[in-house]
Amino acid sequence: MAAICAGVLALQGSVEPHLRALSRCGVDPIELRRPDQLDQITHLVLPGGESTTLHHLLELHSLSNQISQRVATGQMALLGTCAGAILMGRECQESPPRWNLIDVEFQRNGFGRQVHSFIEPIEWIAGPDLGTSEGIFIRAPRIGVSSPAVEVLATLGSEAVAVRQDRCVACTFHPELTGDDRVHQWFLRL
Amino acid sequence: MNDQFSTPMRGIGSTEEFRTKVGLAEMLRGGVIMDVTTSEQAQIAQQAGAVAVMALERVPSDIRKDGGVARMSPVDKVREIQQTVDIPVMAKARIGHFIEGEILQALEVDFIDESEVLTPADHAHHIEKSRFKVPFVCGATNLGEALRRIGEGAAMLRTKGEAGTGDVTEAVRHLRLIRGQIRSLTQADPEEWMSIAKELGAPYALVCQVAKEGRLPVPNFAAGGIATPADAALVMRLGAEAIFVGSGIFKAEDPLLTAKAMVHATAHFDDAVQLAEASSGLGAAMAGIDATRLPEDERLQVRGW
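Nothing here was measured: the structure is a model prediction, and the numbers come from that model. Residue indices begin from 1 for each chain and proceed along its sequence in written order. Following the order in which they are written, the chains are lettered starting with A and the ligands numbered starting with 1. With pLDDT at 70 or above as the cut-off, local features in this predicted model cover only qualifying residues; side-chain atom pairs require 80 or more to be listed or tallied, and sums for whole chains, interfaces and linings still use all residues. The basis for the side-chain values is all heavy atoms of the structure; hydrogens and waters are excluded.

> Could you clarify how one ought to interpret the overall build of chain B in this entry?
Helix numbering and strand numbering both begin at the N terminus, where a helix is a DSSP run of H or I of at least 4 residues and a strand a DSSP run of E of at least 2. The secondary structure content of chain B amounts to 13 helices and eight strands. Taken over C-alpha atoms, the radius of gyration comes to 18 Å for chain B, in line with the 19 Å a tight globule of 305 residues would show. When the backbone C-alpha atoms are referred to their principal axes, chain B occupies close to 55 × 45 × 40 Å. Exposure categories follow from relative accessible area, calculated using a 1.4 Å probe and restricted to protein chains: below 20% of the type maximum is buried, above 50% is exposed, and the middle band is partly exposed. Burial status across chain B gives 61% buried among its 305 residues. Working rule for contacts: check all heavy atoms of both residues, and any pair within 4.5 Å makes them a contact. Pairs at least 24 residues apart make up 67% of the contacts formed inside chain B by residues separated by at least 6 positions. One way to put it: in chain B the 32 positive side-chain charges average out to a point 2 Å from where the 42 negative ones average out. For a compact globule the rule gives 2.2 Å times the number of residues to the power 0.38, and the radius of gyration it is set against comes from C-alpha atoms. Asp and Glu are treated as the negative residues and Lys and Arg as the positive ones, with His and the ends of the chain left uncounted. Each charge is placed at NZ for Lys, CZ for Arg, CG for Asp and CD for Glu.

> I would appreciate a short explanation of the interface of chain A and chain B in the present structure.
The parts lose accessible area when they come together, and the size of an interface is often stated as this lost area. In this assembly, 39 residues from chain A lie in contact with 42 residues from chain B. Counting each side, the surface lost to burial between chain A and chain B is near 3600 Å², with a carbon and sulfur contribution of 56%. A quick way to say it: buried area is the sum, across both parts, of accessible area lost when two parts are put together, with a 1.4 Å probe. Together, R20, R113 and V115 of chain A form the three largest contributors to the area buried by chain A at its contact with chain B, with a combined 19%. Any Lys or Arg side-chain nitrogen located within 4 Å of an Asp or Glu carboxyl oxygen qualifies as a salt bridge. For the pair chain A and chain B, the number of links is five salt bridges. For the salt bridge of R29 of chain B with E16 of chain A, the shortest nitrogen-to-oxygen distance reads 3.4 Å. Polar contacts, as counted here, are pairs of nitrogen or oxygen atoms within 3.5 Å of one another; within protein the pair requires one atom able to donate a hydrogen and one able to accept it, and residues that are adjacent in sequence qualify only if both atoms are side-chain atoms. At the boundary of chain A and chain B, one finds 18 residue pairs in polar contact (both at pLDDT 80 or more). Broken down by secondary-structure element, the contributors of at least two residues to the side of chain A that touches chain B are α1 (15–24), α2 (51–60), β6 (118–124) and β7 (132–137) of chain A. Among the elements that take part in the side of chain A that touches chain B, α1 of chain A stands out by supplying six residues, more than any other.

> Would you take a moment to explain the pattern of salt bridges for this structure?
Close approach of charged atoms lets side chains of opposite charge pair. Residues and elements named next belong to chain B. According to the stated counting rule, one finds 35 salt bridges over all chains in the structure shown. For E17, the salt bridge is made with K21, and the minimal N-O distance between the two is 3.9 Å. Residue E17 and its partner K21 are located together in helix α1 (residues 16–27), separated by four residues, close to a single helical turn. In this structure K21 comes out as buried when scored by relative accessible area, which is 3%. The salt bridge partner of R149 is E152, with a shortest N-O separation of 2.7 Å. A single burial state applies to R149 and to E152, both of which are buried.

> Whenever I open this one, the sheet that holds strand β7 (residues 220–221) of chain B confuses me. Can you help?
Backbone-to-backbone hydrogen bonds join strands into a sheet, with any given pair of strands oriented parallel or antiparallel. Residues and elements named next belong to chain B. Strand pairing is assigned whenever DSSP identifies at least 2 bridges connecting the two strands. As summarised here, the arrangement of the eight strands in space is β7-β6-β5-β4-β3-β2-β1-β8, forming an open sheet in which the pairing is parallel. The sheet is open, and its two borders are formed by β7 and β8 (243–245), each paired with just one other strand. In this structure, strand β4 (residues 111–115) lies alongside strand β5 (residues 136–140), joined through three bridges in parallel fashion. Paired with E114 across the bridge in β5 is C138. What counts as an axis is a line fitted to C-alpha atoms, over the stretch in contact for a helix, and the angles between N-to-C directions run from 0 to 180 degrees. Along the sheet, helix α6 (residues 143–151) makes contact with β5 and β6 (156–159), crossing β5 at roughly 160 degrees.

> I tried to follow the pairing of β5 of chain B on my own but got confused; where do I start?
Taken residue by residue, a regular strand's side chains alternate between the two faces of the sheet. Residue and element names in this part refer to chain B. A large share of β5 lies buried, amounting to five of its five residues. What you see with β5 is no split at all: F136, C138 and A140 on one side and V137 and G139 on the other are buried throughout. Both β5 and β6 contribute to a ladder of four bridges, which runs parallel. Residue pairing across strands places C138 opposite L157, the latter belonging to β6. When the strands point away from the viewer and the connection leading from the first strand across the helix to the second strand turns clockwise, the crossover is called right-handed. Crossover handedness for the path β5 to α6 to β6: right-handed.

> Explain helix α3 (residues 63–72) of chain A here, please?
Spacing of three or four residues puts side chains on the same side of an α-helix, whose turn is 3.6 residues. Residues and elements named next belong to chain A. Of the residues making up α3, those classed as buried are L63, S64, I67, S68, R70 and V71. The buried residues of α3 occupy an angular sector of 165 degrees when projected down its axis, which confines them to one face. Pointing more than 90 degrees away from the buried face of α3 are the exposed residues N65, Q69 and A72. Looking at the packing, one finds that the buried side of α3 touches β1 (6–9), β2 (30–32), β3 (43–46), α2, β4 (77–81) and β11 (168–171). Positive backbone phi, approximately 75 degrees, marks G74, located one or two places after α3. Taking the helix axis as origin, the arc is that swept by the directions to the C-beta atoms.

> Sorry, what's going on with the layout of surface pockets here?
To find leftover empty space, one rolls a probe the size of a water molecule over the atoms. Both cavities and pockets are sets of points on a 1 Å grid over the protein atoms alone; in a cavity a 1.4 Å probe fits but cannot get out, in a pocket the set is open with protein on both sides within 12 Å along at least five of seven lines, and lining residues sit with an atom within 4 Å of a point. Grid points are joined across faces, edges and corners, and a volume is the space filled by probe spheres set on the points. Within this model, the largest pocket holds a volume of roughly 1100 Å³. Forming the boundary of the largest pocket are 40 residues, of which E16 of chain A together with R29, G239, A240 and E241 of chain B lie nearest the centre. At six residues, helix α7 (residues 169–187) of chain B tops the list of elements feeding residues into the lining of the largest pocket. Within the lining of the largest pocket, the residues separate by chemical class into 15 nonpolar, eleven polar and 14 charged. One number sums up the size of the second largest pocket: a volume of about 200 Å³. As for the second largest pocket, its lining consists of 13 residues, of which S14, F18, L206, Q209 and P217 of chain B are closest to the centre. Secondary-structure elements contributing two or more residues to the lining of the second largest pocket are α6 and α9 (204–213) of chain B. If you tally residues by element for the lining of the second largest pocket, the top one is α9 of chain B, at three residues. Put simply, Ala, Val, Leu, Ile, Met, Phe, Trp, Tyr, Cys and Pro go in the nonpolar bin, Asp, Glu, Lys and Arg in the charged bin, and everything else, Gly too, in the polar bin.

> Quick question: what am I supposed to make of the environment of A55 of chain B here?
Position of A55 of chain B relative to the elements: it lies in strand β2 (residues 52–55). Contacts of A55 of chain B, omitting those with residues within four sequence positions, involve V36, S73, V78, I81, M90, A91 and K92 of chain B.

> Looking at this structure, I do not really get the nonpolar core. What am I missing?
Across soluble globular proteins, you tend to see nonpolar side chains buried next to one another. If you look at the biggest cluster of nonpolar residues, it comprises 83 residues, and the most contacted ones within it are I67 and L78 of chain A. With residues up to four places along the chain from it excluded, the contact list for I67 of chain A reads L9, L32, L38, L44, L58, M76, L78 and W99 of chain A. Listed in part, the 32 residues of the second largest apolar core include F111, A140 and F173 of chain A together with F5 of chain B. Take the buried Ala, Val, Leu, Ile, Met, Phe, Trp, Tyr and Cys residues and link them wherever side-chain atoms come within 4.5 Å; each set so joined is a nonpolar core.

> Just to check I follow, could you spell out the packing of aromatic side chains for this structure?
For any pair of aromatic rings, the description rests on two quantities: the centre-to-centre distance and the angle between the ring planes. Residue and element names in this part refer to chain A. Geometry of aromatic contacts follows a simple scheme: Phe, Tyr and Trp rings, the Trp one being its six-membered ring, pair when their centres are within 6.5 Å, and the pair is stacked under 30 degrees between planes, edge-to-face over 60, tilted otherwise. Within this structure, the stated rule accounts for seven aromatic pairs over all chains. Residues W124 and F173 carry aromatic rings whose centres are separated by 6.0 Å and whose planes lie at 80 degrees to one another, so their mutual orientation is edge-to-face. Placement of the pair is W124 in strand β6 and F173 in the loop between β11 and α5 (182–188), with a sequence separation of 49 residues. Relative accessible area serves as the criterion here: at 1%, F173 is assigned to the buried category. Consider the rings of F137 and F173, whose centres lie 5.7 Å apart with planes at 50 degrees: the pair is tilted. A residue pair is termed long-range when its members are at least 10 positions apart, and F137 in strand β7 and F173 in the loop between β11 and α5 qualify at 36 residues. There is no split in this pair, since F137 and F173 are both buried. Cluster of aromatic residues (ring-pair linked, three or more members): F111, F118, W124, F137 and F173.

Written out as structure tokens, the structure reads:
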């Protein structure tokens, strides 16, 4: 297997916490801002932030297409958290446009506004299989209609909160804010 | 491991509620929060890529020009803006006016700015912010003021700058001062921390925390006088983690283009080629006034205790 080169999309959002987590996993992550940096990256994190802002900034340099293509051709694994997860989902009526990399509809702000943000334990049933871990949900999206091609990795009650399709992983919560790097460690082995 | 990542995550060790508050501030990093007075402006801000909008009655330059008492944005206006956009909606409350805070919380705004731009309701006290479920942002001109606001429960800080002037100089001064004070605090002996806390008028526990970690326990954004993409990049380079733009967008000749350019420049603050691109074809920026020549009673940054 080729050497791992991790990156974090560094246009807007909780970039630094992801850089910290990856750095603690022993890799030296690239802060991705321009298309020419993409060639080397094997594992890319799409951070939380505002999905419409991320969309706008990605479009300035046609990065959305280039990231999707690199993932579709098997050259890169993708981990999206919160807003990052939304971008990876199935195209739906809501803005911003989605990349159709995971066959799931993400509903923006599915739990409501900031006063409804919360921290609750989540249960891992596959993937990194962490047992119970801390789920930090901030104006989090909700996973709606999903296809059988999608594997559920973690749940909050009966609801899926982390999913995977091929080498694309999406969490509606924020593992990067917990100080627990096991999700990142597992992702780097994908 | 990279040294810059050796300090603990912000919020670790705090209550769950405070962690979700600081968490939202983390999500706004690298973004532009835009002042809006109508739902049409909020729509333009969202379209341009704003990470959040700040609902207020009048933008700071109009408050400065027209005078009178500046209060919380009308409730109907806040609701209308909330219905128009799906990015976070913030709103301003007057310093010390905890009832305006409670009303804004009942409206479920995403962040409350206890702001010196509005006419203070209390000239000795700020809102006790830790009892609120909605996070607060407050302005600060120096480290002592910043730590007092965090002590009261603020989950995000911003420089005060000098709002409504279009002159970035005061925001620059506040950023440099806070950064310099943090730097010298990290070099002080633990024996000196208490007298530094006394000098700063800051809670001792927070002084100790900053001395050990070398940064503020909550994100610090820049505000007050940011009028061009170059201004946005300047404050980002000086360590601001995101920016607030008040009058700079909707008092510019072309608000949508200016708003997009601000978003572009804030994301690519470290790349002069991109900044040149963001700065081209914009039309006139807002007319400014020299913030250093304002008479004392017109300086908004002195409000706060």
